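Overview (structure and organization)
Each chain, written out:
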Amino acid sequence: MQTSTRAQLWRTSAACAAATMLIGGLLTAGTASAAPVSEPPPSATASAGAPSVAASPATAASSAAPLPGRLAQALDRDLGMSLEEFNAQGALATQASAIQAQVSAVDPAAVVTLTGDTITVKTSAPGVAKAAAGNAKVKVSDVVAAPPAAQSNPAGIDALVAAYAAEFGVGNLQSIMINGSGNYVIRTGDAATGGPITAARRLTAGARPTPHDFAAFYNNVTIQAADGPADAFADVTNGQGYVGVVGQMMAACSIGWSGFNATGAAAVLSAGHCTEDGAAVQTALTDPTKEPAEGGPGYVPTMLLGTFGASQFGGPNNTPATAPPGWDGNPNTANNIGTDFSVIDKIDPALNLLPQVTDWTTPEAPKNAGPKVTGVSTAIVGAPICKSGRTTGWTCGTVTEVGAFFVAGITYPKELKACTPVATVPECDDIRAVRGFGSTSLAGRPGDSGGSIIAGTLAVGMVSAGVPGEITYGVDLKDALKHTAGYTVKIFLEAPTVTTAAPVFRKGTITGSVAGAPAGTKVSVSIDGVATEVAVAGNGKWTAKAPNKFGTFDVTAQAKNGFSTSASTTATIAVIKETLAAPAITSPADGSNVGAPVTTIAGTGKAGATVELSGDVNGTAVVGAGGTWSFTVQNGLDEVGFYAVTAKQRLTDWNDSPASTSDFTVAPAAPAITSLANGQKFAFNQGPSVISGTNLDQATVRVSVDGRDYNAVVVGTTWSVTLGNQLATGNYSITAVQQWGGFRSLSSSFTVTVLAEPAPPATQAPAAAPGTAPTKAPVYAAGLANTGASGSLLLLGGAGVLLLLGGAAFLLIRRRNAR
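Residues numbered from 1 in each chain as written. Predicted model: local features only at pLDDT ≥ 70, side-chain atom pairs only at ≥ 80, totals over all residues. Heavy atoms only, no water.

Looking only at helices and strands, the protein has eight helices and 51 strands in total. Counting the 819 residues in the protein, one finds 47% classified as buried. In the protein, of all internal contacts separated by at least 6 residues, the share reaching a separation of at least 24 is 67%. Within the structure as shown, the protein displays about 37300 Å² of accessible surface, and the carbon and sulfur contribution to it stands at 55%. (Helix = DSSP H or I, 4+ residues; strand = E, 2+ residues; numbered from the N terminus. Buried < 20%, exposed > 50% of the residue type's maximum accessible area, 1.4 Å probe, protein only. Contact = heavy atoms within 4.5 Å. Areas by Shrake-Rupley, 256 points an atom, 1.4 Å probe, with all protein chains shown as cover.)

Laid out in structure tokens, this is it:
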């Protein structure tokens, strides 16, 4: 194991040598030279000893830019993957982060890892994990096996940190993290004085426990020897380097992320320890071509950057990581895990902070190479990541662990032996706890502090500390942002496209899209000087309304997400008159036969339009608010014949409608049915056998009785139909229509009813004499009651029987004929 050094020792002699030059340049020189990240580059005079850096002409950021050179090289060199695979893994890591957030709320000890294209969740709440996964490719392991007696699993990082700090303090603690196997790894200098023991050994009140005793209480906790707290990369850090002035010296760090404060003013996010607990105020950009990543000495200022604002290194107000006295074991009451962030405000207005990470391919113009930042996520174990810093440039690795790490504070003794084996110096307590993640494959050195750590195109952290050659620790960016009072990361947004090319009508729909738009993106659309803001749907589409007037207009669209904005897009759209639909003529309807006289033509149309009628009827009508119109025909159309009426409508600022036509017939009157009355009822066996009526001279008449047709006999202006038999009992529908020349008349429609045979009157038995008991009627074999007739009737001869049968047959035949 390589021995880690203290942050103070990592400041090189070059820093001290350059300090006088920086102070002199910042305080006495004229305007600083153009910063290589400005867009467009300002015209400026270089400060003494600070050569100007050429910047290429400004170009709008676009995904169509060439693939980042060193990004692709580093990915292939360090991870063996392509840029496309790296971006895909970043997207998967975002899904994994969302799953972890939901599952951890129920199971703090849950472990979420990313292996290839699969997200794995180990949790005691598998149902929550499956619900959170949705359609993502996720393997869920149900952790339900009960641990052996006297052993348990930690209830998450916070609880384990609090328990360890309460037992041993954090004087020699470097990190407590959870790896992809779900095992907690405690790296501590305490392990150097207490060797491993068997799992059967337990803590006792009579013996001072060792870290290995502590780990023996758990199923999945291991101890690794370390040299104590990690050293902060305090020299310089971030994708592009900068220096902060601290008295007569300066500290070099790297810019983590371009961003905004809560009001939208430009800001930079970096590591908190770069401020020396707030001692540093002024910052300046350094020349990328002179940084260690390019083989230069570093510390060559080019231009003022801004001033440090809020910062935190460790707990609130830069407090060390110690459990409070009398701690009750509740991780929520132990103020021992903080963060490591700083913000730089009052950014020089000549600078244009870009949502992009430099990959150091083109140090003379850093913006020319490197991935765009499209969002903020959380580091997931197993996810590939890359970092950019002024000392080691662009390197890549994978997330090994997530949890908390411990860093020597600014007052921690320079000599490690001052705190070994037992801390007797108050400054030895200055150890800061930071929530974040570790990578044993991501290269980092002093000066990379604050530098960007990115997964795909998603910002996940900033370089904070580490042991060179062994492990690099990154700040959890999402957690850090929670401590910044509303600061956000600037993200790249593609410029919107306007997809509507054809002319539109007034208040018509203008459509567009934003490629790769993250959730919450909106588009500011300005048309004819009127601006509006519309939401971008999940498929990247957006819509806006055209003006309520005619002409050709410029459409300017710009995507927005928080305070991040895209380049603007301008298109031209023509608003033209819309053509009215043809009005409808509903009366008389097209193809209909109507009786004379026709006195009204009516229909529907657009409210307010004027309907013009032509053909056999001429005139105009205005469509009412309800969308209907009508026209009164003078004298009416009273002659039998074929007619055609045409209608079209006109309305100001609309094109005239096409025409619609109704062809209808004014038909002869229906023939009259005079022998019947509509609804008439006939007695049983009294139904009619002949139907008659009147007609037009020289007309033919056709009659239908319950669907059976009859050609009537016409004599002059009368007609008749003989049915052959009387209408039997039932309901009948009768219609009559006449044909007069080439015209078919309207029809007469009647209904009549022939009543059923009435029931015979009931026969009442004679009353019994007073005081006489009623006689019970005998029941005969046929089941008929005694009618009171003489028994001799049963002896009727054959002639009587034949007579009765003959009468019954006659009745059946009559009824049948009647039908």
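Now for the layout of surface pockets. Its volume calculated, the largest pocket comes out at about 780 Å³. Contributions of two or more residues to the lining of the largest pocket are made by α3 (83-104), α5 (157-168), β18 (401-408), β19 (431-439) and α7 (477-481). If you tally residues by element for the lining of the largest pocket, the top one is α3, at four residues. Looking at the lining of the largest pocket residue by residue, the class counts come to 13 nonpolar, seven polar and six charged. (1 Å grid on protein atoms, 1.4 Å probe; cavity = no way out; pocket = protein on both sides within 12 Å on 5 of 7 lines; lining within 4 Å. Points joined across faces, edges and corners; volume = space filled by probe spheres on them. Nonpolar A, V, L, I, M, F, W, Y, C, P; charged D, E, K, R; others polar.)

Turning our attention to a nonpolar patch on the surface. A cluster of nonpolar side chains, contributed by Val-640, Leu-696 and Trp-740, occupies part of the molecular surface with about 230 Å² of accessible area. By secondary structure assignment, the location of Val-640 is in the loop between β39 (628-637) and β40 (641-650). By relative accessible area, which is 32% here, Val-640 ends up partly exposed. (Patch = residues over 30% accessible without salt bridge, like charges linked within 9 Å, V, L, I, M, F, W, Y side chains within 5 Å. Salt bridge = Lys/Arg side-chain N within 4 Å of Asp/Glu carboxyl O.)

Counted under the stated rule, the structure contains two disulfides. Between Cys-253 and Cys-274 runs a disulfide, and the two sulfur atoms are separated by 2.0 Å. Handedness of the Cys-253-Cys-274 disulfide follows from its S-S torsion of about -100°: it is left-handed. Placement of the pair is Cys-253 in strand β9 (residues 249-254) and Cys-274 in the loop between β11 (266-270) and β12 (282-286), with a sequence separation of 21 residues. (Disulfide = S-S within 2.5 Å.)

On to the pattern of salt bridges. Applying the stated criterion across every chain yields a total of ten salt bridges. Of the charged contacts in the structure, one is a salt bridge between Arg-390 and Glu-291, with a shortest N-O distance of 3.3 Å. With Arg-390 in the loop between β16 (384-389) and β17 (393-398) and Glu-291 in the loop between β12 and β13 (301-314), this residue pair connects regions lying 99 residues apart in the sequence. The residues Arg-390 and Glu-291 share a single accessibility class, namely buried. Ionic pairing is found between Asp-656 and Arg-650, a salt bridge with its closest N-O pair at 2.2 Å. By relative accessible area, Asp-656 is classed as partly exposed at 33%. The exposure class of Arg-650 is partly exposed, given its relative accessible area of 34%. Three or more residues joined by partner-sharing salt bridges are found here, namely Asp-277, Asp-430 and Arg-432.

Let's shift gears to the sheet that holds β12. Pairing between the strands of a sheet is mediated by backbone hydrogen bonds and can be parallel or antiparallel. The strand order across the open sheet formed by eight strands is β9-β8-β12-β13-β14-β11-β10-β23, and the pairing between neighbours is antiparallel. Strands at the two margins of the open sheet, each flanked by one partner only, are β9 and β23 (488-489). (Pairing = 2+ DSSP bridges.)

Turning to empty space enclosed by the protein, a few remarks are in order. On inspection of all chains with the given rule, the structure shows one cavity of 30 Å³ or more. Roughly 280 Å³ of volume is contained in the largest cavity. Residue lining of the largest cavity: 21 residues in total, with Gln-240, Ile-255, Ser-258, Leu-354 and Gln-356 positioned closest to the centre. For the lining of the largest cavity, the class distribution of residues is eleven nonpolar, eight polar and two charged.

Next up on the list: the pairing of strand β2 (residues 118-123). Within β2, five of the six residues are buried, leaving the element largely enclosed by the surrounding structure. Alignment of strand β1 (residues 111-115) against β2, held across five bridges, turns out to be antiparallel. By the bridge assignment for β2, Val-112 is matched with Val-121.

Pairing in this open sheet of five strands is mixed, and the strands run β35-β42-β40-β37-β38 from one edge to the other. Across the chains shown, the open sheet's two edge strands, defined by having one partner strand only, are β35 (593-595) and β38 (619-622). For this sheet, the mean angle separating the axes of adjacent strands, direction not counted, is 35°. As paired elements, strand β37 (residues 610-615) and β38 share four bridges and run antiparallel to each other. When the sheet's bridge partners are listed, Val-611 is paired in β38 with Ala-621. (Axes fitted to C-alpha atoms, helices over the stretch in contact; angles between N-to-C directions.)

Tracing the sequence through the fold places Ala-310 in strand β13. Given a relative accessible area of 43%, Ala-310 falls into the partly exposed group. Taking the C-alpha atoms as reference points, Ala-310 and Ser-342, 32 residues apart in sequence, are found 5.9 Å from one another. Apart from residues lying up to four places away in sequence, Ala-310 is in contact with Phe-341, Ser-342 and Val-343.

This part is about the packing of aromatic side chains. According to the stated counting rule, one finds five aromatic pairs in the structure shown. Ring geometry for Phe-642 against Phe-743: centres 5.0 Å apart, planes inclined by 35°, an arrangement best described as tilted. Here Phe-743 lies in strand β51 (residues 743-754) and Phe-642 lies in strand β40, a separation of 101 residues in the sequence. For the cation-ring pair, Lys-372 lies above Phe-492, with the distance from its terminal atom to the ring centre recorded as 5.5 Å. Here the basic side chain of Arg-390 rests over the ring of Tyr-299, its NZ or CZ set 5.1 Å away from the ring centre. (Phe/Tyr/Trp six-rings, centres within 6.5 Å; stacked < 30°, edge-to-face > 60°. Lys NZ or Arg CZ within 6 Å of the ring centre and 35° of its normal.)

Note that all results are geometric; they support no functional claim without further evidence.
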